[in-house]
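# Notes for the structure review
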Amino acid sequence: MSEQYSAKDIEVLEGLEPVRKRPAMYIGGTDSRGFHHLLWEIVDNAVDEAMGGHATRIDVVLNDDLRGAEITDNGRGIPVDMHPVHQRPALELILTTLHAGGKFSGKGYAVSGGLHGVGSSVVNALASELTVHVWRDGQGHVQRFSRGKVVSKLENTGPTRKRGTKVVFRPDADIFGAQAKFDSARVAERMEAASFLHRGLRLSLKVPGQEVVEFHHPRGIQEYLEKLVAGRGAKAVTDEAFSHAKSEGPRIEVALTWTESTDETLRTYANGIATPSGGTHEAGLKQALTKALRSYMVTHKLLTKGLTIAPEDVREGLVAVLSVFVPEPQFQGQTKDRLNNPEVASQVEGAVKSALETWLNANTSHAEAITGRIILSARAREASRAASLQVSRKTAISHRLNLPGKLADCASTDPSRCELFLVEGDSAGGNAKQGRDRKTQAILPLRGKVLNAERAAASAVLANRELQDVVQALGCGVGKGFDRSKLRYHRVFLLMDADTDGHHIATLLLTFFYRHLPELIAYGHVYVAQPPLFRVDIDGETHWALDDAELARILARVGSKKQPEISRFKGLGEMTAEELKQTTLDPRRRRALRITIDDLDYTDLTLRDLMGKDPAARYDFIMRSAPQIDGSVLDI
Ligand code: 1YM
């Protein structure tokens, strides 16, 4: 590490054309996630520099239009010396060529994200403008690029006492669409995570119209754990969390606690990169937990006859943060969000198991609270399994007699053509029944308020009448009994009034799907229908507006030649069956948002937002998120 990096260490592979041709291969996709990925690449390079002990702070500024960003670190500065063979500055080679991470003469940081600055050229390829400022060895430098090509030669801006690197860039609208924008909440979440994983590192974020926010967590992931627990709104069962850190072979840090909530919150990271799909480090942690707690319960004779403790009982209510740093991380999966180094499983398991056993034996009152919690979950599991079996038994028989009485089913039995509309209230349900296409569209009116799946226990959720009807109509079972091949409709629409109550029900249904039928969302089966709020008749032409803004746009477009006739629908019940058909049901004319799960970390944050106290705020959140994805997709 003490050796100076020099330009000759760079092995040039190829230009950046492949990146522009197939962006998805390099950043996963060109949706809002890919757009943000560019920012993470640059921030990760700065974090790498900090992890190497060369930088202490990283400052991010989002442009006023949220379509560009500026990232600065106070590290050594990207090397700028001339490459002896290529006769180009290192900075230029780094930014304009695709180079394999390990090819940098093996001088990369042992524990970096594994990219060693590889990402910066990918970002450059996909940016319409990118400028790098370097302050290194007492001299300032600047060079500009566009779409991966050099725009200006490396320029020396004279002596300076500063050190570090600043990258200013705008993702290319040709690649990401003109609507793509940075989501400041998402950026903040990611930067805060980095400040937890790299204790001591100072990060700041400036968002238009807001004060600068600093992220700095001297106690690292222990503080992260406290935040996650507070965010879940559930009390921890012990007043002290378990934490363990070892710095070598490999570096492993873990902090965990149990809460009274029924779900499990795991945040795992490898080399500072979130691994929402888990992997070997997470598997090791789970093994360690099961083994350490089972062994404690056996030695302390806490297990009554006939009660078996399943791994998921041990993890019910668990909130855990795990961070590992391995020399050569292998990431797997389409989005590279799962760690795949086999050796890491036993390393994590070994480290966590022995430390946890020691901690439990030294803190018997904590151990009692935790094991008590686990025994309760084991009992609850048995009870809820009985309840869920009952539901799946009913749904398994795809006999029409077993469908809910309120369901107006469609004639077709080909699920790929069938659509189910979950409609709020009987009167709207009646309209929908009249306006639908009987061959392919089924209507299920929902009467009461749906139970909040975020707060209620699994058994209560499954006992809820409205949700049982939904599960029965879908036919695919629920929870562990889910079987997608039995799904009776490939498109499920939530059709609710455009008012607070409607938004509330839609949100509750989405929460239920997310928590109990996540595959339904993951496979893109769930949609939110978009019934209009206004009908505008001008000159024999009819226009529909989803909201006030769209109404204003329509009125502006048609001008003031004729007096428009505007009617506002207070609810779906006020529309005629024909109107509902035209605007919301007919596949050729309707508007709807497809729900997708984007970034897992972000989804959880969002659900917390969504399931806060104020339904209006939740719906606002959904609607604010929707337009970012071209109005066709809604990220929850
Ligand atoms: C705002 C983004 O990229 N900082 C940064 C990048 C590098 C270095 C320092 C650096 C690395 C090394 C030596 C080394 C990069 N270097 C490379 C390359 N901030 C940001 N700060 N000297 C400086 O790895 O040995 C790529 S990025 F190619 F030189 F390794």
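Everything numeric here is computed off the predicted structure, so don't read it as measured data.

## A look at the overall build of the protein
The helix and strand tally for the protein stands at 21 helices and 25 strands. For the protein, the proportion of its 636 residues judged to be buried stands at 53%. Sequence-distant contacts in the protein: of pairs separated by 6 or more residues, those separated by 24 or more amount to 69%. Carbon together with sulfur atoms contributes 50% to the accessible area of the protein, which is approximately 28100 Å² in total.

## Some points on the packing of aromatic side chains
Inspection of the entire model under this criterion finds 10 aromatic pairs. For the ring pair Phe169 and Phe182, a centre distance of 6.4 Å and an interplane angle of 80 degrees mean the geometry is edge-to-face. Pair noted here: Phe169 is in strand β7 (residues 164-171) and Phe182 is in the loop between α6 (173-176) and α7 (184-197), with a separation of 13 residues, a long-range link. Judged by relative accessible area, Phe182 falls into the buried class, the value being 2%. For the ring pair Phe421 and Phe493, a centre distance of 4.6 Å and an interplane angle of 10 degrees mean the geometry is stacked. Placement of Phe421 in strand β17 (residues 419-424) and of Phe493 in strand β19 (residues 491-495) is noted, with a sequence separation of 72 residues between them. You can call Phe421 buried: its relative accessible area is 0%. Within the aromatic cluster, the residues linked to one another by ring pairs are Phe35, Phe169, Phe176 and Phe182.

## As for the environment of Gly475
Relative to the assigned elements, Gly475 resides in the loop between α15 (465-474) and β19. Relative accessible area serves as the criterion here: at 6%, Gly475 is assigned to the buried category. The spatial distance from the C-alpha of Gly475 to the C-alpha of Lys486 is 5.9 Å, given a sequence separation of 11 residues.

## Side note on the sheet that holds strand β22 (residues 541-545)
Strands sit in the order β22-β21-β23 across an open sheet of 3 strands; the sheet is antiparallel. At either end of the open sheet lies a strand with only one pairing partner, and these are β22 and β23 (565-568). This sheet shows a mean twist of 20 degrees between the axes of neighbouring strands, independent of strand direction. The sheet contact formed by strand β21 (residues 534-538) and β23 spans 4 bridges and is antiparallel. Residue Arg535 lies in a different strand from β23, and its bridge partner there is Ser567.

## Some thoughts on the packing of helix α13 (residues 426-435) against helix α19 (residues 577-585)
For the pair α13 and α19, interaxial distance at closest approach is 8 Å and the crossing angle is 75 degrees. It follows that α13 is roughly perpendicular to α19 by the angle criterion. Side by side, α13 and α19 meet where Ala428, Asn431, Ala432, Gln434 and Gly435 of the first sit next to Ala577, Leu580, Lys581 and Leu585 of the second. For the contact of α13 with α19, the per-class residue count stands at 5 nonpolar, 3 polar and 1 charged.

## Things to note about the state of the cysteines
Here the structure, examined in full by the defined rule, presents 0 disulfides. For Cys410, which is in no disulfide, the shortest distance to another cysteine sulfur is to Cys418 and amounts to 3.6 Å. For Cys410, a relative accessible area of 2% gives the class buried.

## Here's the deal with the confidence of the model for the protein
Per-chain confidence: the protein averages 85 in pLDDT, with 85% of residues scoring 70 or above. Segment residues 100-116 is flagged for pLDDT under 50; beyond a separation of four residues in sequence, or across chains, it makes 43 contacts in the model. Note that pLDDT drops below 50 for residues 626-636; the model gives that stretch 35 contacts with residues more than four away or on any other chain.

## A look at the packing of α7 against helix α8 (residues 221-232)
Look at α7 against α8: their axes get within 7 Å of each other, and the N-to-C directions meet at 135 degrees. Judged on the interaxial angle alone, α8 and α7 are oblique. Residue-level inspection shows Glu192, Phe196 and Leu197 of α7 in contact with α8, the latter providing Ile221, Glu223, Tyr224 and Lys227. Among the residues making up the contact of α7 with α8, the classes are represented as 4 nonpolar, no polar and 3 charged.

## Overview of the sheet that holds strand β13 (residues 273-274)
Hydrogen bonds between backbone atoms are what pair the strands of a sheet, whose relative direction is either parallel or antiparallel. The strand order β10-β11-β14-β12-β13 describes an open sheet built from 5 strands, whose pairing is mixed. Single-partner strands in this sheet number two, and they are β10 (242-246) and β13. Pairing geometry for strand β12 (residues 265-270) and β13, over 2 bridges, is antiparallel. Residue pairing for β13: Ala270 is matched across the bridge by Ile273. Sheet strands touched by helix α11 (residues 342-362): β10, β11 (251-258) and β14 (318-325). Its angle to β10, the strand with the most contacts, is close to 135 degrees.

## Some details on helix α3 (residues 32-51)
Counted at 1.5 Å a residue, the expected span for α3 with its 20 residues is 28 Å, and the 28 Å between its end C-alpha atoms agrees. When you tally the buried positions in α3, you get 16 out of 20 residues, the bulk of the element. Just downstream of α3 lies Gly53, where phi reads positive at about 85 degrees.

## Details of empty space enclosed by the protein
Per the counting criterion, the structure on display carries 5 cavities of 30 Å³ or more. Approximately 50 Å³ is the volume found for the second largest cavity. Every residue lining the second largest cavity is listed: Asp497, Ala498, Pro531, Pro532, Leu533, Phe569, Lys570, Gly571, Leu572 and Met575. When grouped by side-chain class, the residues that make up the lining of the second largest cavity number 7 nonpolar, 1 polar and 2 charged.

## Notes on the pairing of strand β1 (residues 57-62)
Burial along β1 is one-sided: Ile58, Val60 and Leu62 are buried, and none of Arg57, Asp59 and Val61, which face the opposite way, are. Judged from the 5 bridges that link them, β1 and strand β8 (residues 202-206) form a sheet pairing that is parallel. Looking across to β8, one finds that Arg57 is bridged to Arg202. Summarising the sheet, β1 and strand β2 (residues 69-73) pair through 5 bridges and their orientation is antiparallel. Of the residues in β2, the one forming a bridge with Ile58 is Asp73. Connecting β1 to the antiparallel partner β2 that follows it, the hairpin turn spans 6 residues, and Leu66 within it adopts a positive phi of roughly 60 degrees.

## Observations concerning α19
Residues spaced three or four apart along an α-helix point in a common direction, a consequence of the helix completing one turn every 3.6 residues. When we look at burial in α19, the residues that qualify are Ala577, Glu579, Leu580, Thr583, Thr584 and Leu585. For α19, the arc enclosing every buried residue in end-on projection is 155 degrees, short of the 170-degree limit, so these residues lie on one face.

Analysis parameters
Residues numbered from 1 in each chain as written. Predicted model: local features only at pLDDT ≥ 70, side-chain atom pairs only at ≥ 80, totals over all residues. Heavy atoms only, no water. Helix = DSSP H or I, 4+ residues; strand = E, 2+ residues; numbered from the N terminus. Buried < 20%, exposed > 50% of the residue type's maximum accessible area, 1.4 Å probe, protein only. Contact = heavy atoms within 4.5 Å. Areas by Shrake-Rupley, 256 points an atom, 1.4 Å probe, with all protein chains shown as cover. Phe/Tyr/Trp six-rings, centres within 6.5 Å; stacked < 30°, edge-to-face > 60°. Pairing = 2+ DSSP bridges. Axes fitted to C-alpha atoms, helices over the stretch in contact; angles between N-to-C directions. Parallel < 35°, antiparallel > 145°, perpendicular 65-115°, else oblique. Nonpolar A, V, L, I, M, F, W, Y, C, P; charged D, E, K, R; others polar. Disulfide = S-S within 2.5 Å. pLDDT = per-residue confidence, 0-100. Expected span 1.5 Å × (residues − 1). 1 Å grid on protein atoms, 1.4 Å probe; cavity = no way out; pocket = protein on both sides within 12 Å on 5 of 7 lines; lining within 4 Å. Points joined across faces, edges and corners; volume = space filled by probe spheres on them. Arc of directions from axis to C-beta.

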